[in-house]
Every structure is written in structure tokens, then in C-alpha cells.
Amino acid sequence: MTTAQRRELIARAVAAKETSYSPYSRFRVGAAVLTDDGNIFDGCNVENASYGLAICAERNAIFRMAHAGHRSLVAVAVTSDHTSFITPCGACRQVIAEFAAKGTVVLLVSAKGRVKRVPFERIFPTPPDLASLKK
Ligand SMILES: [Zn+2]
């Protein structure tokens, strides 16, 4: 990931947060993913009156990526309105694992613009053996 890609990825996550639909929690989240061929897809969290139907920003971005035909991501950025870092939930970590390239990184971005770079394998150390499931 180049410095320019890193900056763009973070900017897209921050911008995506602005479109968050979170009338129930008021917890706005934005995310963006960088594919192995340099494309960026972003997403926001979208809540629902039936709470369980809400979708996280990370999965929203990844599903948009998959819909566009991409199958490999190298970085994920996630941000909220909080001054501290937020991390992807368990469901999002599982979905990231589906498409994560070796060495994928997660950029945690605080509302004040601080960035913490975390190797994905550190927050999801034992993913399922996807190769054994594919036919
Ligand atoms: Zn999530």
C-alpha cells in the first residue's frame, strides 16, 4: 500500500461515515477497503428498526467490493465519531478473512485522525481453513 493509497483509503472511510444511517444508536461508522489491484470501496453502517438487520460499515464496503467483481483485499480502514479506536466486530472479521490477502492490514482511525495499523492476522489469528471448504 502506497502512502497515497493509505491516505485515500482513510479519506474514503471518513467520508463514508457521513452517510451512516444510524438513527437508533447514533453510532456512525465508515469503512473502506483497498483491493489487491488498487481499487477502493467504501461503506457505512446501515441500521434497521429490526435491530438485527443492521449491517456494519466494513461488511457494506466488502460486499460492494465483491459485487464489483473483486475478490482480494489488502487493507481495511474503519472509523467512527469516537476519539478512541474502534475495531471490526466478529462478523466483520470473518467476512474480512474471506477476502484478505496475505499481509492484510487494518487501519483503525479515530475521530481526531489518529491511525493505528494492525495486522489482520493479529485480530483474527485462527481463521477457518477456507481452502478445505472450496470445491
Ligand atoms: Zn461488524
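Before any of the text, the structure's been laid out above.
Note that the coordinates shown come from a computational prediction; the quantities given were computed from them, not determined experimentally. (Residues numbered from 1 in each chain as written. Predicted model: local features only at pLDDT ≥ 70, side-chain atom pairs only at ≥ 80, totals over all residues. Heavy atoms only, no water.)

Draft legend 1. Broad picture of the packing of aromatic side chains. Applying the stated rule across the entire model yields two aromatic pairs. With a centroid separation of 5.7 Å and 40° between ring planes, the pair formed by tyrosine 24 and tyrosine 51 is classed as tilted. One end of the pair, tyrosine 24, is in the loop between α1 (3-17) and β1 (29-35); the other, tyrosine 51, is in the loop between β2 (40-44) and α2 (57-67), and 27 residues separate them in sequence. Here phenylalanine 120 and phenylalanine 124 contribute two aromatic rings whose centre-to-centre distance is 5.7 Å and whose plane-to-plane angle is 25°, an arrangement assigned as stacked. Accessibility assignment for this pair places phenylalanine 120 and phenylalanine 124 in one class, buried. (Phe/Tyr/Trp six-rings, centres within 6.5 Å; stacked < 30°, edge-to-face > 60°. Helix = DSSP H or I, 4+ residues; strand = E, 2+ residues; numbered from the N terminus. Buried < 20%, exposed > 50% of the residue type's maximum accessible area, 1.4 Å probe, protein only.)

Draft legend 2. Region of interest: the coordination of the zinc ion. Note on the zinc ion: its protein donors are Cys56 (SG), Cys89 (SG) and Cys92 (SG). The metal-donor distances range over 2.2 to 2.3 Å. Sequence positions of the residues that donate to the zinc ion give the spacing C-x32-C-x2-C. Of this pair, cysteine 56 sits in the loop between β2 and α2 while cysteine 89 sits in the loop between β3 (73-80) and α3 (90-99), and the two are 33 residues apart along the sequence. (Donors = N, O, S within 2.8 Å, 3.2 Å for Na, K, Ca; no water.)

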